[in-house]
Structures are given as structure tokens and as C-alpha cells.
Amino acid sequence: PSCQYFACSATVRDAAGHASSLLPPSSRQLVVIDDDASPRGPKQVVVWNPPLKKEKKIKRKKVEAETDEYNSDTEEYDEDQALQGEEKARAAMMLAERKALAVEGTDGEPIRRKSAIVEAARIVASLTSHGVRTLCFAKTRKLQELVLGYACERSSTRLAGYRGGYTPAERRRIESDFFEGRLDGVVATCALELGVDVGDLDATVHLGWPGSRCSLRQQAGRAGRDPARASLAVVVLFNGPLDQLMAQKAPLLTGEVEPCALSIANERVLRDQLLCAAAEAPLATEDRARFVGRRDGSVPEESGRVYDRALDSLRRDGSLVERSKALCCRRSDVKHAKNVPLRVVDPVTIEVRINGVVLDTVPYARAFYELFEGAIYLHQARPHLVTKLDLQARYASVKRLRTCGYITASRNHTDVDPVRVLEARGPLKTGVVHVVSKVWGYRKVCRQTFKVLELKEFSLPPLEFDSRGTWVD
């Protein structure tokens, strides 16, 4: 049967071209409606570069983490004094890499600025303290939790966090409290960038360049929907080269947005899509062109191979069975679409449990970096100590800490090796790469000074997967 499709976006570039790559081949003409009639008021955009850091010696202090059972007093010390031999050489190499990436001053020394995390928290606290309803965006879950914690320390206003991993009930409660005015501000990841109508807001704060002008527009558009009121967007930059480059390219919200990067022939995504499609109608030979074909019906060679591999894997594991020269899904997979996450590719998650109750969920790959034994895991900015990580049973146990003066950061190494070249333009190549990541320890870092307090080592199995990459050969 003939279907009619509607596709919507607030910021996508080349809407017709993007939609045609998503939809099955058809001779019907795509119609683009691009008149923006959405209500909006004037918006002030502020690019906030944290002030330069004054070099000074920090006095030794004790950092405490306490529960009824857990009590650890750790004195601050110089990381260089704690490292010996190979450890010291590895630390020196990492320091050299950081300096190479840092922005340099006229004397050739790296320019050191105050923490962008603390600056963003300070801005959130100040805005909400003055009655400005604020939504702050951070790129990762850990950054979001840190900003929330520092903001709560600096303000008595009603603040909450919002991100993936929180239980659905908790997310719905936060949404309701924010929309109905029971919260003055929320610190979120991109989970609040799309798909949720936030309502009437006055300001947005953005920790770091989000990666694209398109994403920044989506985030900043959450505030300023009242034509009669002005709104504010504050972009707090990190000291990395990309963020500092953006500081020279203001205004950041004007100009054309970046084109969408779309890979139709992604085997991991395609596998789930095929199973969902087979639950609605049996897959036939002509479906190959519908999934990975061009508008003219032809199928690129590599895309065809990816489609065939995905189909073969579903046959081998019994997810698809052949009936009347077509492939159908098993009865148990009819509702597979409900189990397919839209925001993450990783189908496996690790439950974070406290006293046996699920507090949070973390993607399997991130658990290696955030849920190792001894890690400080933050939930609504409250510290929890990870006491056990069971990768086979897919859960981590944590216990709540009353206070904690340090955070933890994983020590890891990643190798990326090219496996197969799919496209080459001179020395620039793109194709399949094999990634091996090894988390082998962690640092205890003071929350106030960001100085390394202690180094720990442990052993976790390596995390291996294939991906797409671009390299110069």
C-alpha cells in the first residue's frame, strides 16, 4: 500500500535531501515547508570564557568521605611524588599530550583558566537566585551531575538533574515539577534537548561547545518562546582548542547549520530495524532496496553487504524464520520495537542498585569507566560509593555517602586499528576500525581544588568492538 510520510525538524539542513535518504525509494515529490512561524522574543547570546587562573600553592588539607560503615581520611599530595618508574613515565606522557592540546599564550606556555564546570554552576546558581528560570546543558552524565552539585552548593534555589539512566518515574516527576514551576532550574544532558516540551523558560546555560550549531540552536531554543520577553543563552567554554576556536567565531547561533551525518547501512541499527519490520510484514527480496537503496532503486555495494550480513545474523540466531519465500519474525519477537532504544545503540545496560533497588541504569560500555569498584557515582549530585560491579549479572551495587570531598576519574588506554578501507581520497581514508579500550585504574580527585589525591589500580576485562573511523595513512 502507498504510504504518506511527515517528517519534522526545527533545525535540519537540506530537509528534502535528508528525508529522501531516510525514506524508501519513491517517484513521489517531497514537499518542504520551511516557513518558521514559531513565537519567539529577542535573545541575548553570551560567550563566557572562564577567567585566567592565578598560579598559587594550595595548602594540604584532609578530604573525607563518610557513611556509618565507611570512613576514609586521605591527605592531599603531589601526584609526581606518588608515581614511580613506569607510572611516572606514563603520567609524563599524558601531561605532555594535555599541554600539546592546550591553548598557548604569547610566551608559549599553556593558558590555564578556571574550571568551566564551576563557572557554569556559578552562573546557574546566580540566575536562579535572581528568579530567572534556567535550563543548563552538559555533554555527559558526569558533567551534568558535577554542575548540579556545585550549583546546589552555591544556591538555595530548587534545582534538579535530568538525564538518561534515571528511572522513567523519576524523569516524569522532574518534568512535572519543572513545567509547573516547582523547580527553579534543571541541569540536563541532551535528554532535554529534543522531544520534551519544557515550556516557559528565561535562560539556557551551555557547558562547552555542544559539537554543532544545530545542537546549540536546539538547546537555546528551549528558552525565549514568549515574543514579549527577552531570553538569555550563555555558552561557557572549556579551555580546549575547539571551544577556544568557537570563542573567536561568535555569534554562534547565526549562519547555516551543519549537514546531518547519516549512515543508513549501520549493521547494529539495521539489525533491529529489520526485526521490527518483520514483525509488521514478512521481509521479501525487494525490501533490500527499500532499506539501503538509493532513490533510483539501486543498492550501493557496501550497503548491500551490510544488509545481507544483518539478515544472515538474524537467520542464524533464529530471530527470523523463512515462510513462503519470505522472512518472518518469531512470535516472541513481535513486540521487539518496544525494546529498541532510540537514543543509544548499546542494547545492554548495567543496573545501579542500592539495597537491591534499582537507582539508575548505565550503558554497558560506560560501566567500565563509571562503575568500577571504589568509584564515586553521582545521582542527583548525591555521592554513592560503588562496592561491587558484576558484568555478567549486569548490575553494580552502591551505598549512599553522607558527604564526599572527592570524585573519581578512570585511568584508561584505547587502541584503534584499521580493519577495512571503505573509501579513500589520497592519504585520507575511512572504513571499519577495531577498538580496544582498557580501564586499568582510577584517580581520586579533590572536588574543590581538582588536585589528584590518590592513584588506584585494578583489572577489568578489555572492552572491544568494531566501529567506523577516519584516519590519515
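Let me begin by describing the structure that accompanies this report.

Conventions used here
Residues numbered from 1 in each chain as written. Predicted model: local features only at pLDDT ≥ 70, side-chain atom pairs only at ≥ 80, totals over all residues. Heavy atoms only, no water. Pairing = 2+ DSSP bridges. Helix = DSSP H or I, 4+ residues; strand = E, 2+ residues; numbered from the N terminus. Axes fitted to C-alpha atoms, helices over the stretch in contact; angles between N-to-C directions. Phe/Tyr/Trp six-rings, centres within 6.5 Å; stacked < 30°, edge-to-face > 60°. Buried < 20%, exposed > 50% of the residue type's maximum accessible area, 1.4 Å probe, protein only. Contact = heavy atoms within 4.5 Å.

With mixed pairing, the five strands of this open sheet are ordered in space as β12-β11-β15-β14-β13. The sheet is open, and its two borders are formed by β12 (357-363) and β13 (376-379), each paired with just one other strand. Put simply, the sheet's adjacent strands are angled 35° from each other on average, direction ignored. Sheet topology places β13 next to strand β14 (residues 382-390); four bridges connect them, and they run antiparallel. Counterpart to Tyr 377 in the pairing with β14 is His 384.

With that settled, consider the packing of aromatic side chains. Taken as a whole, this structure holds six aromatic pairs when the rule is applied. Taking 6.1 Å as the distance between ring centres and 40° as the angle between the ring planes, the aromatic pair formed by Phe 291 and Tyr 307 counts as tilted. Of this pair, Phe 291 sits in helix α10 (residues 287-292) while Tyr 307 sits in helix α11 (residues 301-316), and the two are 16 residues apart along the sequence. Tyr 307 gets classed as buried once you look at its relative accessible area, which sits at 3%. Ring geometry for Tyr 442 versus Phe 458: centroids 6.0 Å apart, planes at 35°, classification tilted. Taken together, the residues span a long stretch of sequence, with Tyr 442 in strand β18 (residues 428-446) and Phe 458 in the loop between β19 (452-457) and β20 (463-472) at a distance of 16 residues.

Here we come to the sheet that holds strand β6 (residues 185-188). The six strands are arranged β1-β8-β7-β4-β6-β5 in an open sheet whose pairing can be described as parallel. At either margin of the open sheet sits one strand with a lone partner, and together these are β1 (43-48) and β5 (159-162). Adjacent strand axes in the sheet meet at a mean angle of 15° when their direction is disregarded. Bridge analysis of strand β7 (residues 203-207) against strand β8 (residues 231-236) gives five bridges, and the strand direction is parallel. Looking at the pairing, His 206 lines up with Val 235 of β8. Against the sheet, helix α5 (residues 141-154) contacts β4 (134-137), β5, β6 and β7, and its axis sits at roughly 180° relative to β5. Running at roughly 135° to β5, helix α6 (residues 168-179) makes contact with β4, β5 and β6 of the sheet.

Attention now goes to helix α7 (residues 213-220). Burial of α7 is extensive: seven of the eight residues sit out of reach of the surface. Regarding α7, the residues found buried are Arg 213, Cys 214, Ser 215, Leu 216, Gln 218, Gln 219 and Ala 220. Buried-residue contacts for α7 involve β1, β4, β7 and β8.

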